[in-house]
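# Tertiary structure, described
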Amino acid sequence: MPPISPDAVLTRLTLPVQGMSCASCVGRVERALAALPGAADVSVNLATGRASLELPELTPPSRAVAAIREAGYDVPEVVTAVSVAGMSCASCIGRVERALLALPGATSASVNLATGRAELHHAAGAVTLGDVEEAVRRAGYEPHRIEAAQTASPEERQEREEAALRRDLILAAVLSSPVVVLDMGGHLLPSFHHAVTGALGAGYAWLQALLATLVLAGPGRRFFRIGVPNLLRGHPDMNALVALGAGAAYLFSLVSTAAPSRLPEGSAHLYFEASVLIVTLILLGRTLEARARGRAGAAIARLIDLSPKTAWLVEGASEREVAASDLRIGDRVRVRPGERVPADGTIAAGSSFVDESMITGEPVPVEKGRGARVVGGTLNTTGSFDLTVDRTGADTALARIVRMVEEAQGGKLPIQALVDRVTLWFVPAVITIAVLTFLAWIVLGPAPALGHALVAAISVLIIACPCAMGLATPVSIMVGTGRAAERGVLFRQGAALQALRDARVIALDKTGTLTEGHPRLTDLVTAPGFERENVLALAGAVEARSEHPVARAITTAAREAGALPEAEAFEAVPGHGASARIERRPVALGNRRYMERLGIATGALASEATRLAGEGKTPIFAAIDGRLAALVAVADPIKPEAREALEALRARGLTVAMLTGDARATAEAVARTLGITEVEAEVLPEGKVAALRRLRSAHGPVAFVGDGINDAPALAEADIGVAIGTGTDIAVESADVVLMSGKLGGLVEAVALSRATLANIRQNLFWAFAYNAALIPVAAGLLAAFGGPQLSPVLAAGAMALSSVFVVGNALRLRRAGADA
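Residues numbered from 1 in each chain as written. Predicted model: local features only at pLDDT ≥ 70, side-chain atom pairs only at ≥ 80, totals over all residues. Heavy atoms only, no water.

Worth spelling out the cut-off: UniProt positions are given in the numbering used here, feature names are shortened, and annotations may be inferred rather than shown by experiment.
You'll find the protein chain entered in an unreviewed UniProt entry as Heavy metal translocating P-type ATPase, with Methylorubrum rhodesianum given as the organism. Among the UniProt annotations of the protein chain, the heading Sequence similarities (unreviewed entry) holds the following wording: "Belongs to the cation transport ATPase (P-type) (TC 3.A.3) family. Type IB subfamily."

### Here we look at the sheet that holds strand 28 (residues 720–724)
What counts is decided by this rule: Here, strands pair whenever DSSP counts at least two bridges between them. Runs of H or I in DSSP of at least four residues are treated as helices and runs of E of at least two as strands, each being numbered from the N terminus. For helices, the axis comes from a line fit to the C-alpha atoms of the stretch in contact; other axes are also lines fit to C-alpha atoms, and the angle between any two N-to-C directions lies between 0 and 180 degrees. In this description, contact between two residues means that some pair of their heavy atoms is separated by no more than 4.5 Å.
The strand order across the open sheet formed by seven strands is 17-29-28-27-18-25-26, and the pairing between neighbours is mixed. A strand with exactly one partner marks an edge of an open sheet, and here the two such strands are strand 17 (489–491) and strand 26 (678–680). Taken pair by pair, the neighbouring strands of this sheet meet at an average axis angle of 20°, ignoring direction. Contacts from helix 28 (residues 745–780) reach strand 17, strand 18 (505–509), strand 27 (702–706), strand 28 and strand 29 (737–739), with the element oriented near 50° to strand 17.

### Here's the deal with the side chain of S176
Which entries qualify depends on this criterion: Burial classification: accessible surface area is computed with a 1.4 Å probe over protein chains only, and a residue below 20% of its type maximum counts as buried, one above 50% as exposed, and the rest as partly exposed. By the criterion applied in these results, polar contacts are pairs of N or O atoms within 3.5 Å in which, for protein atoms, one can donate a hydrogen and the other can accept it, and in which residues neighboring in sequence qualify only through two side-chain atoms.
In this fold, S176 is placed in helix 5 (residues 154–188). With relative accessibility at 2%, the residue S176 sits in the buried group. At 2.6 Å, the side chain of S176 and the backbone oxygen of A172 are in polar contact. Among the polar contacts made by the side chain of S176, one reaches the side chain of T280 at a distance of 3.0 Å. Leave out the neighbours within four places in its chain, and S176 touches V215, V276 and T280.

### Details of the sheet that holds strand 20 (residues 567–573)
In spatial order, the strands read 19-24-23-22-21-20; together these six strands make up an open sheet with antiparallel pairing. Each of the sheet's edge strands pairs with one partner strand only, and the pair in question is strand 19 (520–526) and strand 20. Within this sheet the neighbouring strands show an average axis-to-axis angle of 20°, counted without direction. Bridge count between strand 23 (residues 618–624) and strand 24 (residues 627–635): seven bridges; the pairing is antiparallel. Looking at the pairing, F621 lines up with L631 of strand 24. Sitting on the sheet, helix 19 (residues 532–543) touches strand 19, strand 20, strand 21 (577–582), strand 22 (585–590), strand 23 and strand 24, and the angle it makes with strand 22 is about 75°. Most of the contacts of helix 20 (residues 549–561) go to strand 24, to which it runs at about 105°, and overall it touches strand 19, strand 22, strand 23 and strand 24.

Structural data, given as structure tokens:
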């Protein structure tokens, strides 16, 4: 293969990996992938069982699959098949095959001209049926679905893995029970031991040997199949530790049974019960862990399940049921009460209340009418409406949310780098300690020393398995980001959790973030001799000709109060106001300078204008027939939950600042209302970037919250960018965290969840490292050296399994985390 150019275009590849069981496995797979030519941004997640990396376009994804398999692990492979129309010769076959092989995760492709069938072999989860169809279309042919060609979902694979573990656990428990009864019963009840040995004679040991062989060759084979090859390659993992521990206990017991004379006098003991219980207890731990990991990833499964499988397609006067995946942009779909919306779109007819809690986390249904946007997966509660589809497949909001959550769950936090460095050398170090422990007992232990040495070495190997270390961070990220998604908070990447936790300043945009973003008429004070309704109608008629946001607010209020008369001779004076003739009466609206220009005195309402301006409102004078008629005030109302949310942030020790391009008087009025002391007003987008840098130098890491296009530079500059989900796509794409509900309560949720998740990770890491550090010396026989008990390999296996279950169970507590939990 030619050398990779440094300017080569990189593509992201994500692959499922089977066989990983601890942090050393993660390191091994990462090193194998990082060694690929041009590979970049390699990340392997133990909890999700997925590897992610960037590869140059010229490097086939099959190289990554081969690298993972060479490292001793497996990438499950599935076949996706489609029927292809339009092929006529061998060159057609080559074109389709090349298009399919260009898909990420593809390993081989086969196209049959006679049957018109194309099959793609690819890593499970890396390619969807839609991706295959699109590749065929790009090649110039038309794909048709084959119903039998289905691939297993990640949830199905998880269920199969759990079922296989449960099956092996039951078999191991059934076969191990007689061994445990024969051995333990003899230790606890000497009369039982005498009765059994008297009845079975030499068969007592051989029966245990037979059952232990069945356990290790059957349910325990998984540890030897993966662990031994990795050990021979010089890359031992957790499976290697279990294989060494259980295998050593088994082989020693087998020698004690078949050729006891070959062992030092008095050292021929049976440890079959240790070998089988090591396997059984570790399978128990893995089964519990798999079940818990399935629950940890339940958030994505629930999101995916929200997408309906069918839709009612409207064609003229009739409708028919079609697969939701077959919908195309522009299709008209009917949604009945109680049904979920099949795709993103705009309501073309009808109205209803739609439950958008799956997107926003808000439980109250939202009223939707003609022209309103609805999101696929949301629930239509009452009423019926027709929807014009404008987004399908991977472009829908639900698909984007699932993708964001998956990316966040598969990401690594900076704190994980420490874990990776430690676990890289941990397993080899454990094996070294086990060997030294064995030699120390042989040299220094009481006679017969061989049995004590073997027990101590096996205990070290088993108790030090680094499963808990590898799970400590990713499982917490999985649960934390999943919980956040359920609460309407999307972390676009896992590292955003740590960045938000580390933030010391929360800087917020004003318009659309702290305020509603839609100016409204708030006050109308009339001069003597004028009626409110008449003034509002005439003012609304003038402003109906203007596109200014303030004008639209006045017009909207006037239309809500009644019909508007026609305006003639409209004239707008930029920066001042506007005028028109309505029913032959001259009407003008504008600021004080405009009134003075028209020769109209404003002194009668000047004090009111000053008061309203001090409240952050925009005062506008209205004149009718050349006389001052009223003072109109327009303001962008503060969001009702803003004060409570900012108080909650300050209570968590955060500094709150406001950055806005609005006038300083308006900005300071809003800041006074919300208790914000740090205000940067009248700043352009680049000014917000400079303000963020000043805040960072004064206080520390800064989080910025915004919703508009002009907020994109600030969102990118901040240590952590938080976008209001109801804002522009550009703002959302520039942010690290998205508040889907648009409410600032979601910001408090995000901060609370980030802190809870990082605290949970610290707890897990402390448990995993402290547990191993404390128990390795105990397993090595430190207590026995001072007259205390020696740790049994069986207890070591149980303790190791408990460690992993504890870590996963602790992470699952995050499912109840939140600002109000």
